[in-house]
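Reading the structure
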Amino acid sequence: MTRTQAPPAVREDAVARGVVGTSVPRIEDLRLVTGAGTFVDDVTRPGMVHACFVRSPLPRARIGTIDTSAALQLEGVFAVYTAAELNTVAHQISYALDMPGMPPVPRPPLAEEEVRFVGDPVALVIAVDRYVAEDAVELVEVEYEPLEPVLDYVTADSSPHLVHAGFAGNSAGEMAGRPASDLDPIFEVAAHTVQQQIFQQAYLPVPMETRGLVAEWSASTGEMTVWISTQSPHEVRGFCARLLGIDEHRVRVIARDTGGGFGLKVAPLREEICIQLAARTLGTAVKWIEDRQENLMSSGMARHEHADVRMAFDAEGRILAAGMDHVQNVGAYPTPSPLTAGVVVGMLFPGPYRVPDASFSVKFHYSNTVGRLAYRGPWQFESVAREVLLDHAARRIGIDPVELRRRNMIRREDLPAFNPHGMPLDHISPLETLEQAVAMLGYEDFREEQRRARAEGRYLGVGTCTYVEPTTGGTSFHSTEGATIRIEPTGKVNVYVAGGSAGNSLETTVVQLTADALGVAMADVRTVQGDTAVTPFGAGTGGSRSGSMTAGAIAETAAGLRERIVAIAAHRLDTTPDEIDFVDSTASVRNAPDKTLSLAEIADIAYFQGEALPPDVPPGLEASGRYRTPHMMIWANATHVCTCEVDIETGKVTLLRYIVSEDCGKMINPSVVEGQICGGTVQGIGGALYEHLAYDESGNPVATTFMDYLLPTASEIPAIEIGHIDTPSPGPGNFKGVGEGGAIGATPAVLNAVVDALAPFGVELSQLPLSPSAVLKMIDDARTAAKDDE
């Protein structure tokens, strides 16, 4: 990772104080890199037993008899549950993100009557350890009557077979904006029209730590404690209470360290449901840790979708109209409702461009594959379809793709504005990020280098993607966040927030924000997160919301607490509050530097010297506050630029340079921001070139190990060069979200770079990922088409 410019000089005392805007070291790193983290598999409870699932080997079949007798006779096995025993004790299965009015989604804990994908959990074995449980799984005999599966989501709506009875046409829902026919007159008279069908493959979040939980039921108190790898501890608590039919305050959820979430761990999935039900039934602690094969086969997929997209242009290359007809595969059991994020794909189209007229439709189809779930930037396909189509249009019209974007990009003077579907846009800088990114590359110099390379038989390409992204709010569940700050009698500070940190440095961010808001040294602040027994309610990590929302909650809480600190200091130092400076945990009288009071002394007064308090100041130094965002969303934006070389003999793609110009408003911690950008970018590159959750023609997943499911490694990724544009947001601290952007912008930038490299062959993109074999096929197809046209 490199920066475009050296960061501004930062005084050491500013770093020590954790001043917002400085790159303070991550405080969680020492614990994590020394192996002192606490992940779910590190949790051990008295009498704890272990779980393993019997999974379907077929994509669709009727379940006959299930013989568990041999498994139950195995020494060390305590129980084997089927749907008949386990599903019947579930009270309610619902998610906060399943918003009212959305079509229902079937989600039985264990498969009932039918299995609906390879890996569908059919039975649950509980044993003394995982080894015995896995042996017992092999002894459970299930009779299956194979049924015709629905494997192709594209034709699922016309299939005579149904994934779920009662869902005609295998429809999980649909929505549309303006009808496409309204735009036909514009397309008929436009100087240029382009149309393309683009398919994106299924791939996975693949966190370093797989899913896992320990659920412990206390019959004597009627309470459940859950240790879980999650992005949203309070959502797990509410879900568990509804599931078990108990009061929410009888559920405690603890999330210590979480080794990656990326959307997979926003809500409990079916296996987590089963473990909670089993723990209550058994009355003991039950642990389940997902192995990697289960993770790749059964956790959930994302991105599997396609669209027919079109644009009309005038003679100067300005967009007149755009349309998208979009279809998603939601698998057998999507979580949460697929409409939650899927509709946003259509509503965002066509991104950060001036487009007077647009249409969209989006349909969601069930299939006999693993269920769809949220994944970092779940509306990423909108950028893929739009940016690939723009490069296609530039080649057709004969305009440089960057120039085409310049002619159509929304400018700051256009703002505030609404996109054609009514989405409000403001506080963004797409053109500025585009210009910064291409300047960092030296775009014209690269084009010259590309021409020389082609003359030598080498194929270089450059691709870009500029996008806008909604962050922070979006749903009623995400619109509020709380914080509690307690200054101890020693002057040390504890700040309690909901948490959900999953590698995104929320621990450092919260400490830095609190130190800055109170005016105390960062070393004096500690944060407690991820424990619903002591932290205020919050929605956790998702939707690029944590920085902005937590900043709002801390600001609301710290402001009143700081006023009390200053009031106590002024009273003791015999002055007025407006004469007090409070910096580095020390209050001093302006123009009288020898008159000081430490925070520890102020805290001692607050807790133990009630008679010395100002009349209107209550004892103690602790406060709780809650922030509610008035914004439906806060927009972030960026431009990604990628250059590559393609070997036309082997199909290998080598990335040469990778540049990101990011506008996430004011940065809380630049090093954390850039870490988020880099992590997301690598995931987006993986989706463009490597990752593919593939199924064979019989519905069997064929990429259930890392031998077959390819991930990018450090050897495939060039240094990521990052530039920053600061357009303040209207939210707290002028911050925006940054967590998902890298995964949105990277995929289309890489795709466009590869196709640009192969432009001399007339290649056009239709299918992802661009593996070496896919690249060679594109070249062969283009050559064949050229011969046919001769």
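This text goes with the structure placed above it.
If you're wondering where the values come from, they're calculated on a predicted model, not measured in any experiment.

Another point: the sheet that holds strand β21 (residues 493-497). To summarise the sheet geometry, strands pair through backbone hydrogen bonds and adopt either a parallel or an antiparallel arrangement. If you walk across this open sheet you meet the 4 strands as β22-β21-β20-β26, and the pairing is mixed. At either margin of the open sheet sits one strand with a lone partner, and together these are β22 (525-529) and β26 (622-628). Averaged over neighbouring strand pairs, the angle between their axes works out to 20° when direction is ignored. Of the strand pairs in this sheet, strand β20 (residues 480-487) and β26 are connected by 7 bridges, and their pairing is antiparallel. Note that in β26 the partner of T484 across the bridge is S624. Sitting on the sheet, helix α17 (residues 599-608) is in contact with β20, β21 and β26, with an inclination near 90° to β20.

Attention now goes to the pairing of strand β15 (residues 319-331). Burial runs high along β15: 11 of the 13 residues are buried. Here 9 bridges tie strand β14 (residues 305-313) to β15, and the two strands are oriented antiparallel to one another. Within the sheet, the bridge partner assigned to R310 lies in β15 and is G323. Taking the residues that link successive antiparallel strands as the turn, the β14-β15 hairpin has 5 residues, and the phi of G317 there is positive, at about 85°. In this sheet, strand β16 (residues 357-366) lies alongside β15 in parallel orientation, the contact comprising 10 bridges. Residue pairing for β16: D325 is matched across the bridge by S361.

Take the packing of aromatic side chains next. Applying the stated rule across the entire model yields 8 aromatic pairs. Between F117 and Y333 the ring centres are 6.4 Å apart and the planes differ by 65°, which places this aromatic pair in the edge-to-face class. Pair noted here: F117 is in the loop between β5 (114-115) and β6 (121-127) and Y333 is in the loop between β15 and α10 (339-348), with a separation of 216 residues, a long-range link. The class for F117 is buried, based on a relative accessible area of 3%. For Y333, a relative accessible area of 6% corresponds to the buried category. Measuring from centroid to centroid gives 5.8 Å for Y203 and Y375, while their planes differ by 90°, and the two rings are edge-to-face. Of the two residues, Y203 sits in the loop between β9 (192-200) and β10 (212-218) while Y375 sits in the loop between β16 and α11 (380-397), which places them 172 residues apart along the sequence. You can call Y375 buried: its relative accessible area is 3%. The ring of Y333 has R270 sitting right over it, with the charged end atom 4.0 Å from the ring centre. In this arrangement the basic side chain of R280 is found over the ring face of W217, its NZ or CZ atom lying 4.8 Å from the centre.

Structurally, the position occupied by S585 is in the loop between β23 (580-583) and β24 (586-589). Those residues in contact with S585 that sit more than four places away from it in its chain are G519, V520, A521, D524, L597, S598 and L599.

Cut-off values and rules
- Residue indices follow the written sequence of each chain, beginning from 1 at its first position.
- The model is predicted, so local features are restricted to residues of pLDDT at least 70 and side-chain atom pairs to those at 80 or more, both for listing and for counting; the totals for chains, interfaces and linings are taken over all residues.
- Hydrogens are left out, water is left out, and the side-chain values use all remaining heavy atoms of the structure.
- Here, strands pair whenever DSSP counts at least two bridges between them.
- Think of it this way: any DSSP run of H or I at least four residues long counts as a helix, any run of E at least two long counts as a strand, and we number them from the N terminus.
- Fitted lines through C-alpha atoms give the axes, limited to the stretch in contact for helices. The angle between two N-to-C directions lies from 0 to 180 degrees.
- Residue contacts are counted whenever heavy atoms from the two residues lie within 4.5 Å of one another.
- Summary of the burial criterion: residues with accessible area below 20% of their type's maximum are buried, those above 50% are exposed, and those between are partly exposed, where the area comes from a 1.4 Å probe applied to protein chains only.
- Aromatic contacts are taken between Phe, Tyr and Trp rings whose centres are within 6.5 Å, Trp giving its six-membered ring; a plane angle under 30 degrees counts as stacked, one over 60 as edge-to-face, and the others as tilted.
- By definition here, charges over rings are those cases where NZ of Lys or CZ of Arg is within 6 Å of the ring centre and within 35 degrees of the ring normal.

Read these as layout, nothing more, since geometry by itself doesn't imply function.
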